[in-house]
Amino acid sequence: MKKEQTFLQSIEHLWRLCVFQSTPQDLKVSGALTATVIPLYLIGILATLVVTPGLKLSMPLGTGMVAGALALIALFLLGLHFYKGTRQYFLSTVLAIIGTQCIILFVNLPALLFYTQIPVNNIAGQMVLGLMVILLGWSLAITGRILHFSLQISHALGSAIALSWVFIIRAGSLMILS
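Residues numbered from 1 in each chain as written. Predicted model: local features only at pLDDT ≥ 70, side-chain atom pairs only at ≥ 80, totals over all residues. Heavy atoms only, no water.

Looking at the overall build of the chain
Here's step 1: Each helix and strand counted, the chain has 6 helices and 0 strands in total.
Here's step 2: Each helix and strand of the chain, ordered N terminal to C terminal, gives the series α-α-α-α-α-α.
Here's step 3: Overall size of the chain, expressed as C-alpha extent along the three principal axes, is 60 × 30 × 30 Å.
Here's step 4: Here the chain, with 178 residues, has 37% of them falling under the buried criterion.
Here's step 5: Considering only contacts in the chain between residues 6 or more positions apart, those separated by 24 or more positions represent 63%. (Helix = DSSP H or I, 4+ residues; strand = E, 2+ residues; numbered from the N terminus. Buried < 20%, exposed > 50% of the residue type's maximum accessible area, 1.4 Å probe, protein only. Contact = heavy atoms within 4.5 Å.)

So, the side chain of Thr100
Here's step 1: Mapped onto the elements of the fold, Thr100 is located in helix 4 (residues 90-117).
Here's step 2: Every residue in contact with Thr100, bar those within four places of it in the chain, is listed here: Leu14, Leu17, Cys18, Ile142 and Ile146.

Re the packing of aromatic side chains
Here's step 1: If you walk through the whole model with that rule in mind, you get 2 aromatic pairs.
Here's step 2: Residues Trp15 and Trp138 carry aromatic rings whose centres are separated by 6.3 Å and whose planes lie at 85° to one another, so their mutual orientation is edge-to-face. Taken together, the residues span a long stretch of sequence, with Trp15 in helix 1 (residues 7-18) and Trp138 in helix 5 (residues 123-151) at a distance of 123 residues.
Here's step 3: The class for Trp15 is partly exposed, based on a relative accessible area of 41%.
Here's step 4: By relative accessible area, Trp138 is classed as partly exposed at 21%. (Phe/Tyr/Trp six-rings, centres within 6.5 Å; stacked < 30°, edge-to-face > 60°.)

Re the nonpolar core
Across soluble globular proteins, nonpolar side chains show a tendency to be buried alongside one another.
Here's step 1: Within the largest apolar cluster, 32 residues are counted, with the highest numbers of intra-cluster contacts made by Val37, Tyr41, Leu77, Ile98, Leu147 and Trp165.
Here's step 2: Among the secondary structure elements, those contributing two or more residues to this core are helix 1, helix 2 (31-51), helix 3 (59-84), helix 4, helix 5 and helix 6 (155-177).
Here's step 3: With 9 residues, the single largest contributor to this core is helix 4.
Here's step 4: If sequence neighbours within four positions are ignored, Ile98 has contacts with Val37, Ile38, Tyr41 and Leu70. (Core = buried A, V, L, I, M, F, W, Y, C linked by side-chain atoms within 4.5 Å.)

A look at the packing of helix 2 against helix 4
Here's step 1: Closest axis-to-axis distance for the helix 2/helix 4 pair is 9 Å, and the angle between their directions is 30°. It follows from the interaxial angle that helix 2 and helix 4 lie roughly parallel. Here helix 2 runs over helix 4; the crossing is left-handed. Along the contact surface, helix 2 presents Leu33, Thr34, Val37, Ile38, Leu40, Tyr41, Gly44, Ile45, Ala47, Thr48 and Val51, while helix 4 presents Leu95, Ile98, Gly99, Gln101, Cys102, Leu105, Phe106, Leu109, Leu112, Leu113 and Thr116.
Here's step 2: Its residues assigned to classes, the contact of helix 2 with helix 4 comprises 16 nonpolar, 6 polar and no charged. (Axes fitted to C-alpha atoms, helices over the stretch in contact; angles between N-to-C directions. Parallel < 35°, antiparallel > 145°, perpendicular 65-115°, else oblique. Left-handed = near helix turned anticlockwise from the far one by under 90°. Nonpolar A, V, L, I, M, F, W, Y, C, P; charged D, E, K, R; others polar.)

A short note on helix 5
Here's step 1: Taking 1.5 Å per residue, 29 residues should reach 42 Å; helix 5 reaches 42 Å between its end C-alpha atoms and fits that length.
Here's step 2: Residue Asn122 occupies the N-cap position of helix 5, its side-chain oxygen lying 3.1 Å from the main-chain nitrogen of Ala124.
Here's step 3: Residue Gln152 follows helix 5 closely and has a positive phi angle near 55°. (Expected span 1.5 Å × (residues − 1). Polar contact = N/O pair within 3.5 Å; in protein donor to acceptor, adjacent residues only side chain to side chain.)

Details of helix 1
An α-helix turns once per 3.6 residues; consequently, residues spaced three or four apart project the same way.
Here's step 1: Here helix 1 spans 17 Å end to end across 12 residues, near enough to the 16 Å set by a 1.5 Å rise per residue.
Here's step 2: Those residues of helix 1 lying buried are Ser10, His13, Leu14, Leu17 and Cys18. Looking down the long axis of helix 1, one finds its buried residues gathered within 150° of arc, a one-sided arrangement.
Here's step 3: Residues of helix 1 that are buried sit in contact with helix 2, helix 4 and helix 5.
Here's step 4: Where helix 1 ends, the next residue or the one after it, Phe20, has phi of about 60°, a positive value. (Arc of directions from axis to C-beta.)

Scope: geometric values only; no functional claims are made or implied.
Here it is as structure tokens:
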């Protein structure tokens, strides 16, 4: 009989997903983890929207954009899981993706705060911007790996799907803001 994961073991499992040492199927979906990860994700995205330079966004519009992006990802994943016949992994996949994105968001947030304080065309600004691009690549690789295991597709296709989400969500955000 398999022992249930504790909350801290689930958090540790999310970190192991971020460093490519685990699979999303090993993550046990629990109410406590879900009730922690989803609000943290929403808070992380809203904090990122607040500190993004040059973005004048109202709180209701920002909250709507974040909730819409979260719903779009969940619906898209639901469709993919039904198509591939892997519905049993849907909840663990969504939780794994949102949990790992929380970790990356909270690593990226200090870099974004530092970036907003640096004068334009400064070498430190270019280095922080490079770090943020690396974090985006890390995020795409993690999401691609999660999709690889949960949908039983190639790593490249999983990363391509993750990259398409970035483009779709950015394009939708630009349409809403314009």
